[in-house]
Amino acid sequence: MAETDAAPGTGRLPGPREAPAEVTAGAADGAALTPLQLMRRLASGPRGLTEAEADTRLARDGENTVPAWYTPTWPRRFLRSLRDPFTAVLLCLGLVSAAVASWGTACVITVLVGVSCVLRSSGEAHAGRAMAALREMVATTATVQRRPDDDAAPRAREIPVEELVVGDVVRLGPGDLVPADLRLLRASGLTVHQATLTGESTPVAKYAVDDPPDVGDADPPHLCFQGSSVASGSGTGLVVATGADTRFAAAYRALGRRRAETAFDRSVHGIAWTLIRFMLLTPPLVLMANAAVRGRGLETLPFAVAVAVGLTPEMLPVVVTATLARGAARLAATGGVIVKRLPALHDLGAMQVLCLDKTGTLTQDRPVVERSVDARGRPDPGVLRWAAVGSFWTLELAELPAPDTLDEAVLAAADEAGADPLAHDGVAALPFDPVRRLAAAVVRRPGALGVHTLVVKGAAEDVLARCARARSDGADTALDDAERARLLDTVARETDEGLRLLAVAVADRPARTGEYRECDLRGLTLLGFVALRDALAPTAADALGVLARRGVRVKILTGDHPGTAARACRDLGLDPGEVLTAGALAQLDGPALAAAVDGATVVARCAPADKARIVAALRGAGQVTGFLGDGVNDVPALHAADVGITPRGAVTVAREGADVVLAEKDLTAIGRAVAAGRYSSGSLAAYLRITLSSNLGNVLAMLGAGLLLSFLPMLPAQVLVQNLCFDAAQLAFALDRPGDGVLRGPAALRPRAFLRFITVFGLINAAADVATFAALAVALHTAGAGGEEVFHAAWFTENLFTQALVMLLLRAGHLTVRGRPGPVPCAAAALAVIGLLLPLSPLGPALGLAAPPPLYYALLAAVLALYGTALAAARRRYLPGTR
Ligand SMILES: Nc1ncnc2c1ncn2[C@@H]1O[C@H](COP(=O)(O)OP(=O)(O)OP(=O)(O)O)[C@@H](O)[C@H]1O
Ligand SMILES: [Mg+2]
């Protein structure tokens, strides 16, 4: 409910354009053309646009805004706040009142709705601005190929995606967000996630074609759409549509937000909807009870409506938005954490399990080659040389915008050792893919005519599975299962030292012109291993310690070897216990999978889908689950989690998909984020607890009194004025900071437990009201005076006093902030003053209130003292250790 809707914002409406038609093709229009025809039509070329031409087009066509969070206008915001379910129920009640000509009630309800809508839309506007500023800090870029002028050679450079224009030539690499609709000119092992467009969760292969297949295909293989993201491989594409013209923009409008229910929805939304059901039930119940017991008819309807209104926490959306926005702004300013989706702050506080990837999150992802050995474990620089040939030609031929850190490390080490990958000629490349866990290049060896050499490097298990022989001392020996097992043992021993191992294998094939595919990578000869060391992130151990103290369980889901992961775990002070591999869990799903990973700390050799599956299973088992990762292989899990967290240096698509971005390279920020989430959830929980239990108490008392008395216990207008006072006072919770007790454990609000709580406290509250009744009877009897007005005034005063008391007693934390009273105590004091003075003021008679006799106040003090004692006792039982 605090969420701002997302919609594509291009700042202008799609409409007829001034531009010449041939330069602005939509993705689908050009799909049937050959790349050359299309380039001619878009007045571009394989070398890209010149900077000047790009500027002209940008000025003409406007910015290419990715479906960002746009800021709705004021009237729209106001209308949207009317759509809030509480407001809708209030409006219905208002209509009912108008229908029975109860104009006073109808007017007060209109005022209530108006006030809460204004508060809500201004709160949202404020939160929206704060969020936009935060999201600005993690803006997205694209790699574009442009020329400084007509004669210059093209240069690849990063620009903000907003500056892309039709005709630009863009490069894509793993983890990039497709920045606009593209026609592929070249592609190498390219697969993209386009779940946002098609709902399909597995990556789809994309490739360049010269003669496009039939037009109108829903998912043409040679087009990549804005909003999808690169899962593996690389490509170069021509921008065919930007901004509002992209297919994503159109699809996005229809789709809305696709997120599954998160912890926030389950708790705050869950509670809200339970309440709405109660509210709708209340008027008919009141009517029926009054008809049955007192024989009253429809004349009790305004009262019944007022009672239902009394139950409504109208300020809930306002308090939620304001609390979360305030928490997020503070966290960004002081904690180095950017919350991109407001409810994620609540989910951070509620998080019970945090799954992390290892590489780049717990380690620095700056691997350094430590040694290179042959299949027998003896030092062999030749293995590193071959690995470098593979790395170099994969990067070169796949045109990756940036090298992978492992490849970078291999190339740096080979360079130092004086190897020259250029001595070979590259033919083809299959870039790294986190599912296959290997990369391959096809090269021509100098002097070896008619022969193509495949160079394969990757995870030891996966490369070994494709090897038929192993080479040592220049001689090849056949690899049987026993030998494979021995080699894997050796690898496991090395990983125990914390090393990451890449296996390197080659194979000679007769030269050919056809494409190389994954199935060609068989019958290889293992050359040996390159061992790399990746130092731990300096703050990782501290961060894990903080999480443990805060009661968040940590699990490591990594694509790396179980040994390397276990060693990293131990070095960080975390007991790895039994290390699982994703392969062993392949058959499990749902609760069985959740149970299997429940006791484990490390699950290794996870493909991207495995990480997502495990996260989803944990969530399915009722655990509020976060995921922290930085790579392409983490994206599905980031989406699957209640709260997806990413460090700032993460790949674009991870940052784009995450709910929370750690702005600094400091993992301890996660501890601060969790704390901020818990403070915010703590404020919300206190607000809900207090508001709902006193609302419920008042309603119960009013129902009972309505049946006992011969007149209405409160006039509808009085109920509503009282309600207005409560609402105003409750806004203080948005400014409140609860006590440090909230930091002790995850702060998930469970609707069931919560409803039990408010029932207990509601009953105590109702009991206080009944006691007031008795006090009043005694006082009136003694004073020999009475009447409805005195009763109403007495009850009004008592209600405001009990509300003030509840606000003080059911809230955790100190009453003062830096020596001054905090917002909640101030609001409670204001309530008490109004409760005391309003019936005595000139406004009193206007509302039908008359001053009670002095004895009543003395008795009220006694009732309040008793009530306070009962609250304190119940609090010790239901809210242990909250202060
Ligand atoms: N560029 C590469 N070329 C060849 N093999 C690679 C390359 N990058 C990674 N690998 C191999 O694939 C394995 C899995 O890599 P992946 O990127 O899925 O996970 P990771 O980065 O090791 O771990 P994490 O999931 O913790 O980030 C690595 O352990 C490594 O053996
Ligand atoms: Mg990673």
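Up top you'll find the structure we're talking about.
Quick caveat, the model's predicted, so the values are computed rather than measured.

Enquirer: Help me understand unusual backbone geometry in this model?
Expert: For residues besides glycine, phi is generally negative; the peptide bonds are generally trans as well. Notably, alanine 43 is not glycine yet its phi reads approximately 50°, a positive angle. Looking at the secondary structure, you find alanine 43 in the loop between helix H1 (35-41) and helix H2 (51-61). Judged by relative accessible area, which is 45%, alanine 43 ranks as partly exposed. Of note in the backbone geometry, arginine 605 takes a positive phi value of approximately 50° without being a glycine. Tracing the chain through its elements places arginine 605 in the loop between strand S20 (602-604) and helix H19 (608-620).

Enquirer: Help me understand the packing of aromatic side chains in this model?
Expert: Aromatic ring pairs are reported here in terms of the distance separating the ring centres and the angle at which the planes meet. Throughout the structure, instances matching the rule amount to 5 aromatic pairs. The interplanar angle of 75° and the centroid separation of 5.7 Å between the aromatic rings of phenylalanine 791 and tryptophan 795 together place this pair among those described as edge-to-face. Of this pair, phenylalanine 791 and tryptophan 795 both sit in helix H25 (residues 788-809), separated by 4 residues, roughly a single helical turn. In this arrangement the basic side chain of arginine 512 is found over the ring face of tyrosine 516, its NZ or CZ atom lying 4.0 Å from the centre. Looking at arginine 737, its charged tip hangs above the ring of tyrosine 679, at a distance of 3.8 Å from the centre.

Enquirer: Sorry, what's going on with the sheet that holds strand S8 (residues 337-339) here?
Expert: As a general point, the strands of a sheet are linked pairwise by backbone hydrogen bonds and lie either parallel or antiparallel. Spatial ordering of the open sheet is given by S8-S23-S22-S21-S9-S18-S20-S19, a layout of 8 strands whose pairing is mixed. Edge positions in the open sheet fall to S8 and strand S19 (579-581), since each of these has one partner strand only. This sheet shows a mean twist of 20° between the axes of neighbouring strands, independent of strand direction. One ladder, built from 3 bridges, connects strand S22 (residues 643-647) with strand S23 (residues 660-662); its direction is parallel. Bridging from a neighbouring strand, isoleucine 645 pairs with valine 660 of S23.

Enquirer: Sorry, what's going on with the packing of helix H10 (residues 316-335) against helix H11 (residues 343-350) here?
Expert: Two measures define how a pair of helices packs: the angle their axes make with one another and the distance between the axes. At a minimum axis separation of 8 Å, H10 and H11 run at an interaxial angle of 75°. If you check the angle between H10 and H11, you find them roughly perpendicular. Each of Leu324, Gly327, Ala328 and Leu331 in H10 lies in contact with H11, whose residues at this interface are Pro343, Leu345 and His346. Here the residues of the contact of H10 with H11 sort into 5 nonpolar, 2 polar and no charged.

Enquirer: Looking at this model, I keep getting lost on helix H28 (residues 854-878). Mind explaining?
Expert: Here H28 is 25 residues long and its end C-alpha atoms lie 36 Å apart, about the 36 Å a rise of 1.5 Å per residue gives. Within H28, the full set of buried residues consists of Tyr856, Leu860, Val863, Leu864, Tyr867, Gly868, Leu871, Ala874 and Arg875.

Enquirer: How should the nonpolar core be read in this particular structure?
Expert: Nonpolar side chains in soluble globular proteins tend to be buried together. In this structure, Leu354, Ile645 and Met807 are the most contacted members of the largest nonpolar core, which totals 127 residues. At 16 residues, the largest contribution of residues to this core is made by helix H22 (residues 669-708). Setting aside its immediate chain neighbours within four residues, leucine 354 contacts Leu547, Val552, Arg553, Val554, Lys555, Gly626, Phe627, Leu628, Ile645 and Ile670. Counting 28 residues, the second-largest nonpolar core is a separate cluster that includes Ala375, Leu479, Leu499 and Leu526.

Thresholds, definitions, all that
Residues numbered from 1 in each chain as written. Chains lettered and ligands numbered in written order. Predicted model: local features only at pLDDT ≥ 70, side-chain atom pairs only at ≥ 80, totals over all residues. Heavy atoms only, no water. Helix = DSSP H or I, 4+ residues; strand = E, 2+ residues; numbered from the N terminus. Buried < 20%, exposed > 50% of the residue type's maximum accessible area, 1.4 Å probe, protein only. Phe/Tyr/Trp six-rings, centres within 6.5 Å; stacked < 30°, edge-to-face > 60°. Lys NZ or Arg CZ within 6 Å of the ring centre and 35° of its normal. Pairing = 2+ DSSP bridges. Axes fitted to C-alpha atoms, helices over the stretch in contact; angles between N-to-C directions. Parallel < 35°, antiparallel > 145°, perpendicular 65-115°, else oblique. Contact = heavy atoms within 4.5 Å. Nonpolar A, V, L, I, M, F, W, Y, C, P; charged D, E, K, R; others polar. Expected span 1.5 Å × (residues − 1). Core = buried A, V, L, I, M, F, W, Y, C linked by side-chain atoms within 4.5 Å.

Interpretation note: all reported values are geometric properties and have no functional meaning in isolation.
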